[in-house]
Amino acid sequence: MSAPSPAPTLPVSLAANPKLSSWVKLVGEGRVAISPGKVEIGQGIVTALAQIAADELDVDIGRIEMIRASTAASPNEGVTSGSLSVQQSGRALRHACAEVRQRFLTAASERLGVDASLLEIDDGTISGPGNVRTSYWELACDVSLDYDANVGATAKIVAKRTVAGHSVQRVDIPDKVFARNRFIHDCPLPNLLHGRVLRPDISGARLIALDETATRAVPGLVAIVRDGGFSGVVADSEVAAEAALKALRKGATWSAGEPLPDENDLAGFLKSQPVETDVIDTRTTAATIKKAARTLRRQFIRPYIAHASIAPSCAMARWNGDRVHVWTHSQGVYLLRADLAIVLKLPAKNIVVEHMEGAGCYGHNAADDVALDAVLLAKAAGGRPVRVQWSRHDEMAHAPFGAAMAIEIEADLDADNEIVSWRHAIWSNGHAARPGRAAQPALLAATEITNPYPRMVSTNPPAANGGGGDRNSVPLYDLKAWTVTSHRLLTMPVRTSALRTLGGQGNVFAIESLLDEVAALRGEDPIAFRLRHLRDERAKDVIRAAARRAQWKPQKQAGIGHGVGFARYKNTGAYCAAIAEIEGTDDIRVKRLTLAVDVGEAINPDGVINQIEGGAIQATSWVLKERVRFDRMRITSTSWTDYPILTFSEVPMVDVEIVQRPEIEPVGAGEAAHGPVTAAIANAVYDCLGVRVRDLPITRDKIIAAMELAS
């Protein structure tokens, strides 16, 4: 007898926020307001969610009004991260809208005297036999949505969807193309003041004395704020705020700092620190008893990586008595509110955090930090709003970074160079120290005020949420045995938190590089080698699709290399295969990236392609350029000159194919490409130059060092 089917449940975000009216409202004549808890950070999520709502409600997408997330009214969906927005918010909206549609059909049936099964909805107009008709908006007063969602609601079948699954124009793009104010940086509030915060150049230094005399003479100064080691200025213009900060800096006396690691020996540093060790996964089979003839032992290094948002972080805050309103481009308005409540010792209900768009943040950058800065400075503004915008130097010196990683893999090979066992060990800081997830705040200014909170040492999300440093470390290949171990550092001299893919990029780079090396040892085509070790047909399909599209393997040419990389993001999300074509002359140049991706149902295929293209280009920049630099006292990569990223002239041609799976629940695409592209470029460098570079970024110096090591 087969096991009974599990009881139906609500999508996770809808279960946490079951009130239908918190997601959907009929507003005005002919408009529908959709209120997700996820936020737009350049990934196009508001368009995909609008498509889902329009489809389930049978209204034109032009009638959909997407409401920005705010703690005043929006569902609490935690943080917008991890390629989960379509997966969580999309599923919740689809279910909620399906139930709303059904409730209106029931009401229309009663009003029109027609069986609900005979009614149809076209752009919000409900009609039936005999040309009877009404509409959502005529029935709005009769249909309350202040009810919890029912697990019994049924969304449309795939064949009935007319909007989801098709490329539509993004709803946010026209404002951006025509320079209408949409970003927080461009939306000043009436009667606005400007703030700047004083911070040390030396890592870990604390403010011990401050001479304010010269600062008080700056024209336009409104206030100097001092709270323990936190200090800043409020002025009536940005020019005045900058001048006041410059004067304040001259009057500051700082304590000695805390030493930073040797940037040229990251692996030595990471492996010498106290750690918390976890065995992530093990596998053994009877075939393990086969004796190893040799062992390949390789170490891979990923440096600290900055979020490097094009626009620095910005926030506005305004106090009204014991209540404060905050405008922010944080990825988690409720989580930020939770930390603000701790720092301010206020009930959460006294704080409203409202999202506005900012530059792409790629994880936990300084968006949350600058919000607390604005709140603390606004206390001295007499009820006027204060806008704080970090400088490029602030952003590159004080925001959290993506964690450095040392990854060591040992592969035992038999006499035929087949893998008989595999050991994967990771040394890294944790990859998450976001606000709102602990009893202590994670905001920078909270560590500087009177009675400061300790700086939170970053941790790793649990495996059920995709893991952190260990993300994508368990092989997808059908190897006979493996052990995967994570060593999380318990010290954190360089501040780290979430950056796109967390540890996924580093682990896929390591796994796919070593697999490529084993295939080369065997003299086997690297794609054939991967296909031979995969059992998942969806995985095989994306690799085959990328290979077919790239015409694998192109004829060998001097100075040109081709490489492949593959992963399934988090081992549970989107499948992605990448083939890189690189040119190895004075420096490595990526000429072309060919990718195939399977995200299940692609709500907006053009949006999926955009996300994969963006991830592929960002990964190229990480692989070839990006590395946080520091000496033993301070972060030194505090400008675009010190921290170069890929320029437009260096962007490769990116070609993406979507493997269509409309019958499978959608998953996110935003972080699927980083690992495969990283590995594909590294493997293409080997194909071109015959040298394996295992220390990112792949620069001319790193190639020379690898050649010397191999000789």
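Residues numbered from 1 in each chain as written. Predicted model: local features only at pLDDT ≥ 70, side-chain atom pairs only at ≥ 80, totals over all residues. Heavy atoms only, no water.

(A) How the structure looks around the side chain of D412. Looking at the secondary structure, you find D412 in strand β18 (residues 405-413). According to the relative accessible area criterion, D412 is buried, its value standing at 10%. Among the polar contacts made by the side chain of D412, one reaches the side chain of S421 at a distance of 2.5 Å. Residue contacts for D412: discarding those within four places in its chain leaves A292, R294, T295, E418, I419, V420, S421 and R423. (Helix = DSSP H or I, 4+ residues; strand = E, 2+ residues; numbered from the N terminus. Buried < 20%, exposed > 50% of the residue type's maximum accessible area, 1.4 Å probe, protein only. Polar contact = N/O pair within 3.5 Å; in protein donor to acceptor, adjacent residues only side chain to side chain. Contact = heavy atoms within 4.5 Å.)

(B) Local environment of the sheet that holds strand β6 (residues 132-135). Taking strand neighbours across the sheet as the criterion, the three strands line up as β4-β5-β6 in an open arrangement whose pairing is antiparallel. Only two strands of the sheet have a single neighbouring strand rather than two, namely β4 (120-122) and β6. In this sheet, adjacent strand axes meet at a mean angle of 30° when their direction is disregarded. Relative to β6, strand β5 (residues 125-128) runs antiparallel, the two being bridged by four bridges. Opposite T125, over in β6, you have S135 as the bridge partner. Sitting on the sheet, helix α3 (residues 85-112) touches β4, β5 and β6, and the angle it makes with β6 is about 135°. (Pairing = 2+ DSSP bridges. Axes fitted to C-alpha atoms, helices over the stretch in contact; angles between N-to-C directions.)

(C) Spatial organisation of helix α10 (residues 367-378). The first and last C-alpha atoms of α10 sit 17 Å apart over 12 residues, in line with the 16 Å expected at 1.5 Å per residue. Burial analysis of α10 places 12 of its 12 residues in the buried class, the great majority of the element. Those residues of α10 that sit buried are A367, D368, D369, V370, A371, L372, D373, A374, V375, L376, L377 and A378. (Expected span 1.5 Å × (residues − 1).)

(D) Quick look at the side chain of H329. As for its placement among the helices and strands, H329 is situated in the loop between β15 (323-328) and α9 (333-344). Its relative accessible area of 2% is what places H329 among the buried residues. Within polar-contact distance, the side chain of H329 engages the backbone nitrogen of C314 at 3.1 Å. Beyond its immediate stretch of four places on either side in the chain, H329 contacts I184, S313, C314, H355, M356, E357, G358 and A367.

(E) Main features of the sheet that holds strand β3 (residues 64-66). Strand order in the open sheet formed by three strands is β1-β2-β3, with mixed pairing between adjacent strands. Edge positions in the open sheet fall to β1 (24-27) and β3, since each of these has one partner strand only. Between one strand axis and the next, the sheet turns by 30° as a mean value, whatever way the strands run. Bridging between strand β2 (residues 31-34) and β3 involves three bridges; their strand directions are parallel. For A33, the partnering residue across the bridge sits in β3 and is E65. Those strands touched by helix α2 (residues 45-57) are β1, β2 and β3, and its axis lies near 145° from that of β3.

(F) Up close: the pattern of salt bridges. The full count for this structure, using the stated rule, is 58 salt bridges. A salt bridge links D172 to K176; the shortest N-O distance between them is 2.7 Å. Residue classification places D172 among the buried residues on the basis of a relative accessible area of 0%. You can call K176 partly exposed: its relative accessible area is 26%. The salt bridge involving R180 is made with D175; its shortest N-O contact spans 3.0 Å. The class of R180 is partly exposed, set by a relative accessible area of 46%. Salt bridges linked by common partners bring E40, R170, D172, D175, K176, R180, R182 and E357 together as one network. (Salt bridge = Lys/Arg side-chain N within 4 Å of Asp/Glu carboxyl O.)

(G) Structural detail: a nonpolar patch on the surface. Residues I173, V177 and F178 make up a contiguous nonpolar surface patch of about 300 Å² in total accessible area. Inspection of the secondary structure puts V177 in helix α5 (residues 173-177). (Patch = residues over 30% accessible without salt bridge, like charges linked within 9 Å, V, L, I, M, F, W, Y side chains within 5 Å. Areas by Shrake-Rupley, 256 points an atom, 1.4 Å probe, with all protein chains shown as cover.)

(H) The arrangement of the pairing of strand β14 (residues 314-320) in detail. When you tally the buried positions in β14, you get five out of seven residues, the bulk of the element. Pairing analysis gives four bridges linking β14 to strand β17 (residues 386-389), with the strands arranged antiparallel. Residue pairing in the sheet places M316 in a bridge with R387 of β17. Of the pairings in the sheet, the one linking β14 to β15 comprises six bridges and is antiparallel in character. Paired with A315 across the strands is T328, a residue of β15.

(I) Spotlight on the environment of A669. When you line up the elements, A669 lands in the loop between β24 (653-658) and α16 (674-689). Sequence separation of A669 and V599 is 70 residues, and the distance between their C-alpha atoms is 6.5 Å. If we ignore the near neighbours within four places in the chain, the residues touching A669 are S83, V599, V608, Q611 and I612.

(J) Structural view of the packing of α9 against α10. α10 packs onto α9 with a crossing angle of 40° between their chain directions and a minimal axis gap of 11 Å. Viewed along their axes, α9 and α10 adopt a mutual orientation that is oblique. As α9 packs across α10, the resulting crossing turns out to be right-handed. Within the contact between the two elements, α9 uses L336, L340, V343 and L344 and α10 uses D368, A371, L372, V375 and L376. (Parallel < 35°, antiparallel > 145°, perpendicular 65-115°, else oblique. Left-handed = near helix turned anticlockwise from the far one by under 90°.)

Taken by themselves, the reported measurements are silent on function.
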